[in-house]
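Fold and geometry: a report
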2 protein chains.
Amino acid sequence: MTLLSPDALEAALRKIGAERYHHLHPFHRLLHGGGCTRGQVQAWALNRYCYQAVIPLKDAALIARCDDPAVRRAWRSRLVDHDGEEGADGRDTEGGIAQWLRLTDGLGLARDMVVSQRAALPASRFAALAYLDFVRSRSLLEAVASSLTELFAPAIIGERIAGMLSHYDFVAPDTLAYFQARPPRASRDSAFALAYVRAHATTPERQRQVQDALVFKCEVLWAMLDALYAAYVSPGHVPPGAFVPEDPR
Amino acid sequence: MTLLSPDALEAALRKIGAERYHHLHPFHRLLHGGGCTRGQVQAWALNRYCYQAVIPLKDAALIARCDDPAVRRAWRSRLVDHDGEEGADGRDTEGGIAQWLRLTDGLGLARDMVVSQRAALPASRFAALAYLDFVRSRSLLEAVASSLTELFAPAIIGERIAGMLSHYDFVAPDTLAYFQARPPRASRDSAFALAYVRAHATTPERQRQVQDALVFKCEVLWAMLDALYAAYVSPGHVPPGAFVPEDPR
């Protein structure tokens, strides 16, 4: 193993995203291109909630393992983004989880079913848990690196908003608040995480670890779409107990 | 919630197995009925290794949380079954993991690829990890109850041995040692776990927990076959980096 320059390491990480990020998954092509039924969009939002619910847990787990006050403080903004806060005017600002529930509400899913995760595909819960476990158990550097899928998020989100609004009359613009809010946050967060990784992955072994962490995270996102595709597109085998859309496929 | 008698609780648990155990999964019907290609059997053995590798970890995690020496001692036999021991004649007896590797060897899979789990479907690793996390984090009673899928294992294993030997000329009898050894062990272990659950699930809430634990464990096994089916049967989308069989499907 040879030591890469920070620029070469960044290029290697961007290559992983270009090859493995879930923008390449056939479910996303369906979703963004208007190929999904309402039931499939419901299933996507319901299952993706498992991932959304884990994000502040993994962010808090990362903060809980970090000795540097400056890093903890920077990372804390992610908790604010997902859990909201009281604004200067005394009113709550809506966090990402509340915004996601606005989407599932708008899609006609019972909130209790969404929040309990009881109708989600087990594979969705397992993938989200694997992400949480990774952040809890690996090195801080690997935990930071596993967030770097956000480097690739702004592009997919732009495509998603446009695609969903143009193709699905059952998706109202105000239910997409989560995606409206994400790109600047994802850019800020991924810039911080990338700078951290560039500065701290200073041995060939650590550079290998951060690349593996990003591969792992791509696997988490990909596995969630694989499970959705198999249950709700093809072959259409919904596991026992999981959500069954009302509309015919 | 009402309190069930031990017999009624056992009946409820057996009903969960009858409805949710993975003997009902279409992949098993293919596997046992001779409908799999060699590549699909390879993929099954390769991915199931992720689960096999986690079993002694979850059993040790359970022992590590148990205050009762008698339960710890009884549960220890599971470690022996999976990791082997030195026999009275000084020779090692083969544990379940070694036997599983005999199967993957016989199927022509490189041992390093199997043991590293690097070519396994991420969904297989995530499901196995979810099982380990469950045993580590839930109550001891729930951890014990999650093993109760073994109540249903002897029947499926008998079917598997017969089916694989009669249908697949690439499966040699001596590579099925794992399955030859399992039924008496599974019967012994599940009898112990069932007696424990009958004795300790003494409130409606605990009875709900043990049923939920068994449902969860059925979800783990089912999710592994869902992932296999989606990657290697239909729609046949192998995720980036995962095993690709050499034979055409």
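Scroll up to find the structure.
The paragraphs below set out a description of the structure included in this document. All values reported here derive from a predicted model rather than from experimental measurement. (Residues numbered from 1 in each chain as written. Chains lettered and ligands numbered in written order. Predicted model: local features only at pLDDT ≥ 70, side-chain atom pairs only at ≥ 80, totals over all residues. Heavy atoms only, no water.)

Some thoughts on helix H4 (residues 69-83) of chain B
All names here are of chain B. Convention followed: Numbering of helices and strands runs from the N terminus, with a helix taken as a DSSP run of H or I at least four residues long and a strand as a DSSP run of E at least two residues long. To estimate the expected span of a helix, subtract one from its residue number and multiply by 1.5 Å. Exposure classes here rest on a 1.4 Å probe applied to the protein chains alone. A residue is buried below 20% of its type maximum, exposed above 50%, and partly exposed in between. Distance and chemistry together define a polar contact, namely a pair of N or O atoms within 3.5 Å, with one atom able to donate a hydrogen and the other to accept it when in protein, and with adjacent residues in sequence counting only for side-chain atoms on both sides.
Here H4 contains 15 residues, and its C-alpha end-to-end distance of 21 Å stays within 8% of the 21 Å for a straight helix at 1.5 Å per residue. Where H4 is concerned, the buried positions are Val71, Trp75, Arg78, Asp81 and His82. A side-chain oxygen of the first residue of H4 lies 2.9 Å from the backbone nitrogen of Ala70; this N-cap is Asp68. Within two residues after H4, Gly84 carries a phi angle of roughly 80 degrees, on the positive side.

Some points on the packing of aromatic side chains
Our working rule: Only Phe, Tyr and Trp rings are paired, with Trp represented by its six-membered ring, and only when their centres lie within 6.5 Å; those with planes under 30 degrees apart are stacked, over 60 edge-to-face, the remainder tilted.
Counting across every chain of the model gives 24 aromatic pairs over all chains. Ring geometry for Trp44(A) and Phe179(A): centres 6.1 Å apart, planes at 20 degrees, overall stacked. Of this pair, Trp44(A) sits in helix H3 (residues 38-64) while Phe179(A) sits in helix H10 (residues 177-200), and the two are 135 residues apart along the sequence. Residues Trp44(A) and Phe179(A) agree in their burial class; the two are buried. Ring centres of Phe126(A) and Phe216(B) lie 5.9 Å apart, and the angle between their planes is 80 degrees; this geometry places the pair in the edge-to-face category. Taken as a pair, Phe126(A) in helix H7 (residues 122-137) and Phe216(B) in helix H11 (residues 204-232) lie in two separate chains rather than in one. Here Phe126(A) matches Phe216(B) in class, with each residue buried.

Overview of the packing of helix H2 (residues 26-33) of chain B against helix H9 (residues 153-167) of chain B
Residues and elements named next belong to chain B. To keep things clear, this is the line we draw: Think of each axis as a best-fit line through the C-alpha atoms, taken over the contacting stretch in the case of a helix, with angles from 0 to 180 degrees between the N-to-C directions. Note on angle classes: values under 35 degrees are labelled roughly parallel, values over 145 roughly antiparallel, values of 65 to 115 roughly perpendicular, and the remainder oblique. Throughout, a contact is declared for two residues whenever any of their heavy atoms are within 4.5 Å.
For the pair H2 and H9, the least separation of the axes is 7 Å and the interaxial angle reads 45 degrees. By the angle class used here, H2 and H9 are oblique. Residues His28, Leu31, His32 and Gly33 of H2 lie in contact with H9, whose contacting residues are Ile156, Glu159, Arg160, Gly163, Met164 and His167.

Observations concerning the layout of surface pockets
Heads up, the condition is: Here a cavity means grid points, on a 1 Å grid over the protein atoms only, where a 1.4 Å probe fits yet cannot get out; a pocket means an open set of points with protein on both sides within 12 Å along at least five of seven lines; lining residues are those with an atom within 4 Å of a point. Grid points are joined across faces, edges and corners, and a volume is the space filled by probe spheres set on the points. Residues were grouped as follows: Ala, Val, Leu, Ile, Met, Phe, Trp, Tyr, Cys and Pro as nonpolar; Asp, Glu, Lys and Arg as charged; and all remaining residues, including Gly, as polar.
Quantified by volume, the largest pocket comes out at close to 830 Å³. Along its surface, the largest pocket is lined by 34 residues, and Ser116(A), Arg125(A), Arg138(B), Phe216(B) and Glu219(B) are the ones closest to its centre. Elements represented by at least two residues in the lining of the largest pocket include exactly H3 and H7 of chain A together with helix H1 (6-20), helix H7 (122-137) and H11 of chain B. Counting residues per element, the lining of the largest pocket draws most heavily on H11(B), at 8 residues. In terms of residue class, the lining of the largest pocket is made up of 18 nonpolar, 6 polar and 10 charged. Taken as a whole, the second largest pocket spans an internal volume of roughly 680 Å³. If you go around the second largest pocket, you meet 29 residues; those closest to its centre are Phe134(A), Arg138(A), Phe216(A), Glu219(A) and Arg125(B). Elements with a minimum of two residues in the lining of the second largest pocket: H7 and helix H11 (204-232) of chain A together with helix H3 (38-63) and H7 of chain B. When the residues that make up the lining of the second largest pocket are grouped by side-chain class, the tally is 16 nonpolar, 5 polar and 8 charged.

Looking at the environment of Ala61(B)
All names here are of chain B. Among the structural elements, Ala61 can be located in helix H3. Through-space distance from the C-alpha of Ala61 to that of Val135 is 6.8 Å; in sequence the pair is 74 residues apart. In this view, Ala61 contacts Val135 and Arg136; residues no more than four positions away in its chain are not counted.

Let's talk about the nonpolar core
Operational definition: Only buried residues count toward a nonpolar core. Its members are Ala, Val, Leu, Ile, Met, Phe, Trp, Tyr and Cys residues joined through side-chain atoms within 4.5 Å.
Counting residues in hydrophobic clusters, the biggest one holds 175 residues, and the most contacted among them are Trp44(A), Val197(A), Trp44(B) and Val197(B). Beyond its immediate sequence surroundings of up to four residues, Val197(B) is in contact with Leu9(B), Leu13(B), Leu141(B), Val144(B), Ala145(B), Leu148(B) and Val210(B).

Observations regarding H3(A)
Residue and element names in this part refer to chain A. For clarity, the threshold we go by: The term bend refers to the angle at a residue between two fitted axes, each drawn through seven residues, those ending there and those starting there.
Under the 1.5 Å per step criterion, the end-to-end length of H3 is 40 Å for 27 residues, consistent within 8% with the ideal 39 Å. Taken as a whole, H3 carries its principal kink of about 25 degrees at Tyr49. Among the 27 residues in H3, 23 count as buried, and that is most of the element.

Description of the pattern of salt bridges
Note the following rule: By convention in these notes, a salt bridge is any Lys or Arg side-chain nitrogen within 4 Å of a carboxyl oxygen on Asp or Glu.
Tallying each qualifying case throughout the model produces 34 salt bridges over all chains. The salt bridge involving Lys15(B) is made with Glu19(B); its shortest N-O contact spans 3.1 Å. With Lys15(B) and Glu19(B) both in helix H1, this residue pair falls 4 residues apart, about one helical turn. Given a relative accessible area of 44%, Glu19(B) falls into the partly exposed group. For Glu94(B), the salt bridge goes to Arg102(B), with nearest N and O atoms at 2.6 Å. Residue classification places Arg102(B) among the partly exposed positions, given a relative accessible area of 28%. Look at the salt bridges and you will find they share partners, linking Arg78(A), Asp81(A), Glu150(A), Arg182(A), Arg185(A), Arg188(A) and Asp189(A) into a network.

Focus: a negative patch on the surface
All names here are of chain A. This is how the line gets drawn: Two distance rules govern patches: like charges are joined within 9 Å, and nonpolar side chains (Val, Leu, Ile, Met, Phe, Trp, Tyr) within 5 Å, applied only to residues with over 30% relative accessible area and no salt bridge. For the area figures, the Shrake-Rupley method with a 1.4 Å probe applies, and any residue is considered shielded solely by the protein chains shown. Neither His nor the chain ends is counted toward charge; the positive residues are Lys and Arg and the negative residues Asp and Glu. Every charge is mapped onto a representative atom, which is NZ of Lys, CZ of Arg, CG of Asp or CD of Glu.
On the surface, Glu85, Glu86, Asp89 and Asp92 cluster together to form a negatively charged patch. On the secondary structure map, Glu86 appears in strand E1 (residues 85-86). On the basis of relative accessible area, Glu86 is assigned to the exposed category, the value being 57%.

With respect to the interface of chain A and chain B
By a frequent convention, interface size equals the accessible area lost on bringing the separate parts together. Our working rule: Reported buried area values correspond to the accessible surface (1.4 Å probe) lost by two parts on association, with both partners' losses combined.
In this assembly, 23 residues from chain A lie in contact with 23 residues from chain B. If you sort the residues of chain A by the area they bury against chain B, Phe126(A), His237(A) and Pro240(A) come out on top, with a joint share of 28%. With its nearest N and O atoms 3.0 Å apart, the salt bridge here joins Arg125(B) to Glu219(A). Between the two partners, chain A and chain B, sit 4 residue pairs in polar contact (both at pLDDT 80 or more).

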